[in-house]
Amino acid sequence: MVTIKDLAESTGVSRGTVDRVLHNRGRVAPEVKELVLAKAKQLGYQPNRAGKMLAARKQPHKIGVILPSEGNPFFADVIRGMSDADEEYEEFGFSIEIIEIKGFEQKLHIEAIHKLKEDGADAIVAATIDSEEVIKALEGTKLPFSAVNSDISSESRLCYVGPDYYGKGTLHAGLLAITGGERKGILILKGSSWMKGHDEIIKGFRETLERRSVITGPVMECETGDDDSRAKLVVQQELSRHPEIDTLFISTAGIVGAVAGTDGRDMLIFTSDDVETTRNLIRSGRIQWTVCQEPYRQGYESIRRMQDYLIDGRLPENLITENIVRIKENLL
């Protein structure tokens, strides 16, 4: 078994320096840190996990969570996964505090970050907006943090657990292409341009549409804040202005409201995510397909990765969840 002593001897640094690198404590020169981590990986170093778990009992850890989940049923399974991971490690002193936010107002997300810090969180797992101010707030806590469901543009975040949104967009466009015929116009609904994932799915969709040449009319984007009432109003307004639109892509939440906004018009409608209201609309024939993204796994793995990091100090790897197509014939 490889020990800290072995790593110290093989890298030519002190045991104390190796310990600081492995447990992310104190200041170590970047080149030394890189050397130690590379050698640890090469030699297959495994920390004494049992001892670490026992130590965790004496020093409880709280993981703070931020989710834009209020009014969005998608996140119910994310929270369920997080709760299961929390329960598994509860006896070792772990707990989670979840702050649920409605929508994507930057101020609310920053306030949530500050509250978790004040409440004594040891780390943060966040599905939050990708803005300079929010990232600055996260980095300013000096806490380890990771992204779940939608990534953020920070080199400081430990890992990302969530879907390949660009790939999800290309999948939607590919499915649209094989339905046959040219579409006269398409309306795309998304939650918010603040969310990196929301932009990525539209980018993948649009670029694939251009390659497949399936649209002859306008392609329009509107934000709904993942809110059903707003989605309904947006759809009604856009269909009134552009009656030629025959395709509706609801890329995030607000699905029930958006479908209601079509007023029963004969349209090709497809969506993201797998919640009961969407399943019912697929069964009734109003929605043709949806692309799901393993929300339970996102919640569970995001917490487990942070728990393992707090125990072992090992940098967690990204996890990209599966994009799964559901139609009437394969609904669970």
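Remember, predicted model here, so these are calculated numbers, not experimental data.

About the criteria used
Residues numbered from 1 in each chain as written. Predicted model: local features only at pLDDT ≥ 70, side-chain atom pairs only at ≥ 80, totals over all residues. Heavy atoms only, no water. Pairing = 2+ DSSP bridges. Helix = DSSP H or I, 4+ residues; strand = E, 2+ residues; numbered from the N terminus. Axes fitted to C-alpha atoms, helices over the stretch in contact; angles between N-to-C directions. Core = buried A, V, L, I, M, F, W, Y, C linked by side-chain atoms within 4.5 Å. Buried < 20%, exposed > 50% of the residue type's maximum accessible area, 1.4 Å probe, protein only. Contact = heavy atoms within 4.5 Å. Expected span 1.5 Å × (residues − 1). Salt bridge = Lys/Arg side-chain N within 4 Å of Asp/Glu carboxyl O. Parallel < 35°, antiparallel > 145°, perpendicular 65-115°, else oblique. Left-handed = near helix turned anticlockwise from the far one by under 90°. Right-handed = clockwise from strand over helix to strand, strands pointing away.

S.K.: Provide a residue-level description of the sheet that holds strand E10 (residues 289–292), including the pertinent values.
M.R.: The strands making up a sheet associate through backbone hydrogen bonding, with each pair oriented either parallel or antiparallel. Taken in spatial order, the 6 strands line up as E7-E6-E8-E9-E10-E12 in an open sheet, and their pairing is mixed. Two strands lie at the open edges of the sheet, namely strand E7 (219–223) and strand E12 (324–326), each paired on one side alone. With direction set aside, neighbouring strand axes in the sheet form an average angle of 15°. Bridge analysis of strand E6 (residues 186–190) against strand E8 (residues 247–250) gives 4 bridges, and the strand direction is parallel. Bridge assignment links Leu-187 to a residue of E8, and that residue is Leu-248.

S.K.: Break down the nonpolar core for me, with residues and values.
M.R.: Grouped together as the largest cluster of nonpolar side chains are 38 residues, with contacts concentrated most on Ile-66, Ile-124, Leu-176, Phe-205, Phe-249 and Phe-270. For this core, the leading source of residues is helix H8 (residues 165–177), giving 5 residues. If near-sequence neighbours (up to four positions away) are discounted, Ile-124 is found in contact with Gly-64, Ile-66, Ile-113, Leu-116, Leu-138, Thr-141, Leu-143, Pro-144, Phe-145, Ser-146 and Met-306. Counting residues in each nonpolar core, the second largest holds 24 residues, with Phe-74, Val-78, Phe-92 and Ile-303 among its members.

S.K.: With reference to specific residues and values, describe helix H9 (residues 196–212).
M.R.: For H9, spanning 17 residues, the distance from its first C-alpha to its last is 25 Å, which sits close to the expected 24 Å at 1.5 Å a residue. Residues of H9 that are buried make contact with H8, E6, E7, E8 and strand E9 (268–272). Where H9 ends, the next residue or the one after it, Ser-213, has phi of about 55°, a positive value.

S.K.: Talk me through the pattern of salt bridges; I want residue IDs and the actual numbers.
M.R.: Where charged atoms from two side chains of opposite charge approach closely, those side chains can pair. Inspection of the entire model under this criterion finds 18 salt bridges. Salt-bridge contacts for Glu-97 lead to Lys-62; the nearest nitrogen and oxygen are separated by 3.4 Å. Linking Glu-97 in strand E2 (residues 94–100) with Lys-62 in strand E1 (residues 61–67), this pair joins segments that are 35 residues apart in sequence. Classification of Glu-97 as buried rests on a relative accessible area of 16%. Look at Lys-62 and you get partly exposed, because its relative accessible area is 22%. Linking Lys-190 and Glu-221 is a salt bridge whose minimum nitrogen-to-oxygen distance equals 3.4 Å. Taken together, the residues Lys-190 in strand E6 and Glu-221 in strand E7 connect sequence positions 31 residues apart. Overall, the relative accessible area of 33% leaves Glu-221 in the partly exposed class. Overlapping salt bridges, with partners in common, bring together Lys-62, Glu-97, Lys-115 and Asp-119 in one network.

S.K.: Could you give an account of the packing of helix H1 (residues 4–11) against helix H2 (residues 15–22), with specific residues and numbers?
M.R.: As a packed pair, H1 and H2 sit with axes 9 Å apart at the nearest point and diverge in direction by 110°. Accordingly, the angle class assigned to the pair H1 and H2 is roughly perpendicular. Between H1 and H2 the crossing geometry is right-handed. Of H2, the residues touching H1 (which contributes Ile-4, Lys-5, Leu-7, Ala-8 and Thr-11) are Arg-15, Val-18, Asp-19 and Leu-22.

S.K.: An account of unusual backbone geometry is needed here, citing residue identities and associated values.
M.R.: Here Lys-142, not a glycine, exhibits a phi torsion of approximately 65°, which is positive. Structurally, Lys-142 is set in the loop between helix H7 (132–140) and strand E4 (145–148). Of note in this structure, Asp-263 is not a glycine but carries a positive phi near 55°. Classification of Asp-263 by relative accessible area gives exposed; the value is 60%.

S.K.: Could you give an account of the sheet that holds E4, naming the residues involved and the relevant values?
M.R.: If you trace the 6 strands from one edge of the open sheet to the other, you get E2-E1-E3-E4-E5-E11, paired in parallel fashion. Looking at which strands have only one partner, the edges of the open sheet turn out to be E2 and strand E11 (319–321). Neighbour to neighbour, the strand axes of the sheet diverge by 15° on average, direction disregarded. Bridge count for E1 against E2 is 7 bridges, and the pairing is parallel.

S.K.: An account of the environment of Pro-144 is needed here, citing residue identities and associated values.
M.R.: Here Pro-144 is to be found in the loop between H7 and E4. With residues near it in sequence (within four places) discarded, Pro-144 still touches Asp-122, Ala-123, Ile-124, Leu-158, Met-306, Tyr-309 and Leu-310.

S.K.: Before we move on, can you summarise the pairing of E7 with the specific residues and values?
M.R.: Only one face of E7 is covered, namely the face carrying Met-220 and Cys-222; the face carrying Val-219, Glu-221 and Glu-223 is uncovered. Between the parallel pair E6 and E7, the chain is carried across by H9, and the sense of this crossover is right-handed.

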